[in-house]
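Here are the chains, one letter per residue:
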Amino acid sequence: MKKKTRWNVFWMALALISTGVYIIWRIGFTNPHDKGWLSLIFFILLLVAEVSGFLEQMVMLYNMYGFEKAEEKTPQLEKRLYPHVDILVPSLNEPMELLEKTLRACKRMEYPAKERVHIYLCDDGERQEAKELAARLEVEYIGRKTHEHDKAGNLNYAMRHSTSPLVAVFDADMMPKKRFLMETVPYFSAYLRHKEFIHKRGGKKQSKRTGKDNMVGFVQTPQNFYYPDLFQYNLFAEDAIPNEQDYFYKVVQVAKNKTNSVIFGGSNAVLLREGLEEIGGFVTGVLTEDFATGIELEKAGYRGVAISKVLASGMPPKSFSALIRQRKRWARGCLRSGRKTHFLRSKGLDIRQKLNYLTAISYWLGPVKKLIYILTPVLFAFAGIVAVECTIEGVLLFWLPMYVCSNVCMHRLSQGIRTTKWTDVYDMVLFPYLLPTALTGGFGIKKHGFHVTAKDEEVKRSSKGRYVLVYLLGFLISLGAAVRMLGMTAEQQTPSYLVMIFWLCVNAYYFLMACYVAWGRNLDDAYTVQKIKGESSLAGEDGSVAQVSLEGCFTDKIRLRFAEESAIRQGKLQLENLTIPLTDRVEVSDEPNVYCFSIDFTGLSEEERDDYEAFLYDREPVLPQKLTRSGFHLDPVILNMFRHLTES
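Residues numbered from 1 in each chain as written. Predicted model: local features only at pLDDT ≥ 70, side-chain atom pairs only at ≥ 80, totals over all residues. Heavy atoms only, no water.

Draft legend 1. Structural context of the overall build of the chain. If you tally the helices and strands in the chain, you get 21 helices and 16 strands. Relative to a compact globule of 648 residues, whose C-alpha radius of gyration would be 26 Å, the chain shows 27 Å and is just as compact. Looking at the 648 residues of the chain, the share that counts as buried comes to 56%. Taking as baseline every contact in the chain between residues at least 6 positions apart, the subset at least 24 positions apart corresponds to 79%. Put simply, the chain shows about 29400 Å² of open surface, and 57% of that area lies on carbon and sulfur atoms. In the chain, 82 side chains carry a positive charge and 73 a negative one; their mean positions are 8 Å apart. (Helix = DSSP H or I, 4+ residues; strand = E, 2+ residues; numbered from the N terminus. Rg over C-alpha atoms; globule rule 2.2 N^0.38 Å. Buried < 20%, exposed > 50% of the residue type's maximum accessible area, 1.4 Å probe, protein only. Contact = heavy atoms within 4.5 Å. Areas by Shrake-Rupley, 256 points an atom, 1.4 Å probe, with all protein chains shown as cover. Lys, Arg positive; Asp, Glu negative; His and termini not counted. Charge placed at Lys NZ, Arg CZ, Asp CG, Glu CD.)

Draft legend 2. Molecular detail of helix 18 (residues 498-519). Taking 1.5 Å per residue as the helical rise, helix 18 with its 22 residues ought to reach 32 Å, and the 31 Å between its terminal C-alpha atoms agrees with that figure. Gly 520 sits one or two positions beyond helix 18 and adopts a positive phi of about 85°. (Expected span 1.5 Å × (residues − 1).)

Draft legend 3. Structural context of the pattern of salt bridges. With the rule as written, the count across this model stands at 34 salt bridges. For Arg 104, the salt bridge goes to Asp 610, with nearest N and O atoms at 3.4 Å. Of the two residues, Arg 104 is situated in helix 3 (residues 96-108) and Asp 610 in helix 20 (residues 606-617); the sequence distance between them amounts to 506 residues. Residue Arg 104 shares its accessibility class with Asp 610, and that shared class is buried. Through salt bridges with shared partners, a single ionic network connects Glu 100, Arg 104, Arg 108, Arg 136, Glu 606, Asp 610 and Glu 613. (Salt bridge = Lys/Arg side-chain N within 4 Å of Asp/Glu carboxyl O.)

Draft legend 4. Structural detail: the sheet that holds strand 8 (residues 269-272). The seven strands lie next to each other as 3-2-1-4-8-6-9, forming an open sheet whose pairing is mixed. With one partner strand each, in any of the chains shown, strand 3 (140-143) and strand 9 (303-306) form the two edges of the open sheet. Strand-to-strand twist across the sheet, computed as the mean angle between neighbouring axes with direction ignored, equals 25°. Looking at chain direction, strand 6 (residues 216-220) and strand 9 are connected through four bridges and run parallel. Pairing of Gln 220 across the sheet is with Ala 306, part of strand 9. Its contacts with the sheet place helix 3 against strand 1 (85-91) and strand 2 (117-123), and it is angled at close to 175° to strand 1. Relative to the sheet, helix 5 (residues 150-160) contacts strand 1, strand 2, strand 3 and strand 4 (166-169), its axis offset from that of strand 1 by approximately 145°. (Pairing = 2+ DSSP bridges. Axes fitted to C-alpha atoms, helices over the stretch in contact; angles between N-to-C directions.)

Draft legend 5. Broad picture of the confidence of the model for the chain. Taken over all residues, the pLDDT of the chain has a mean of 90, while the share at 70 or more is 92%. Considering only residues more than four positions removed or in separate chains, one finds that residues 207-211, a stretch of pLDDT under 50, has five contacts. Below pLDDT 50 for its whole length, residues 444-448 participates in six contacts with residues either more than four positions away or in separate chains. (pLDDT = per-residue confidence, 0-100.)

Draft legend 6. Looking closely at helix 9 (residues 246-255). Taken across its ten residues, helix 9 has eight buried, putting it largely inside the fold. When we look at burial in helix 9, the residues that qualify are Asp 246, Tyr 247, Tyr 249, Lys 250, Val 251, Gln 253, Val 254 and Ala 255.

Draft legend 7. Broad picture of unusual backbone geometry. In the Ramachandran plot, Asn 268 falls in the positive-phi region, its phi being about 60° despite a non-glycine side chain. Position of Asn 268 relative to the elements: it lies in the loop between helix 9 and strand 8. Despite not being glycine, Asn 593 shows a phi value in the positive range, around 65°. Mapped onto the fold, Asn 593 is located in the loop between strand 15 (578-587) and strand 16 (594-599).

The structure is reproduced here in structure tokens:
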């Protein structure tokens, strides 16, 4: 066992022990039985929130134990066994230019026999321009006359009009990289070799379970983005923190390989047609057909496999309102999928799988727990409601070790992607707007309507001021409660309230961070730039050549820094194996010799334009994949944010 792994195990054990001791202390020694019935109610509510968090922690740590072995190596597969694959791109109302980029990326995918890759534009909007786009790009077009069951119905309709044994699904904005199929299809090697064995026996099948045990039903890759998400962008942290979804797809999902409880994410995935047909296709009747479909495949005995390698990139929600709509849909869908799949009563799932799906669903009840954590110190400060009856010595002896160990454990196990602080920031941003959904979804109140995350929003700013009000109110209440507690501390000359003051200040900090996320930023070049770096040369029309540094690329322009002053206003840029015609030079900053050039697409063939898109998107992610450095509260993100705000 490696030294780092041994230390991880040590901190995992310490976190479990300290949290278990803390829970025992809370149950047995902090009951405010003499403080009135309101205190007793909040004691129970807070305890339930803490115990549920402890159960989630135990499930997570169990999955994380042995994480270094959780991600399987790509299996070997002979080229002759690579099967036919159907590429399904479901679409409803996305703009044609976005669909075109995705379809062109699908066509660029490498495969031993390209004639075995069948690309389908699954248009649920019956748009003539979509049909013409498919014809121009030489991909199949599938449009349906009726539109029941939304995305799941669209995919099931496409399944009936295609036949390949493997099915890859990409959302309309998710562009696969060239190596996508070569990295994912080999995971189905057991199935493919089994089918070859049956074929050699003249088609004579064995028993139903033979060859199915340990059979892969789907392979899920991360949902990566080539633009910063709203947390990165609105906090001026696009160079400092990873995408908010990275921790889930690269750590949580991969850890779930251990228990075969990987969640199908609806895009950037390959599925086994035989498995889909066995469960009746993509699950309908829920907003998150992906989550429910993954459960049903694993209930049927198939394996879900998660890999951490980024093999596709797309667009995150561009506005705060779109982000909230997306998460509300996910919350409603997951809460209802739990009831739809009856996973807790399923004989096809073992206890480990059931616990993993239970915690995955209970995550969406997190806003209720967050409300309890916010209200508890506030009610104590203003109303004297005591949820925890204890001394400062008890807090230091039982709460502090648990708090420190849990934070260290999260930092060590997250592969440098997440800390407890950032989890709390994300949760605070989402909590007030997901709270009604968590309450109504949990008690079975149905809300109808499926809305795809808007990709064509024409917005100049990522948010509107009204979204800040709820966080500002929370900040002021928490700060006011902390000030009141400081007064009580001074008046009574006791340190007993210091933990409550710390609790309130931490909540105020997270509310303040949420304010900045909700306040938003203008969507300018800082949002759409791909910060690709490199050295190159620009040849002017007069034959002069200038040495330049690549500062960033856009879909239609390139930013360059000249090594020395140059008069070249248009010319040809040598970019790896591409020659890009540039024109319309514009100075873009106060720094000398930095200019932005427009790309002259009239001077590019279709193949050259496709090559430029490949250069732009088919590469290692340029946005951060890990936190720039660890920190508690005052870190480079905060300093950078305030620097930008004071300069604007």
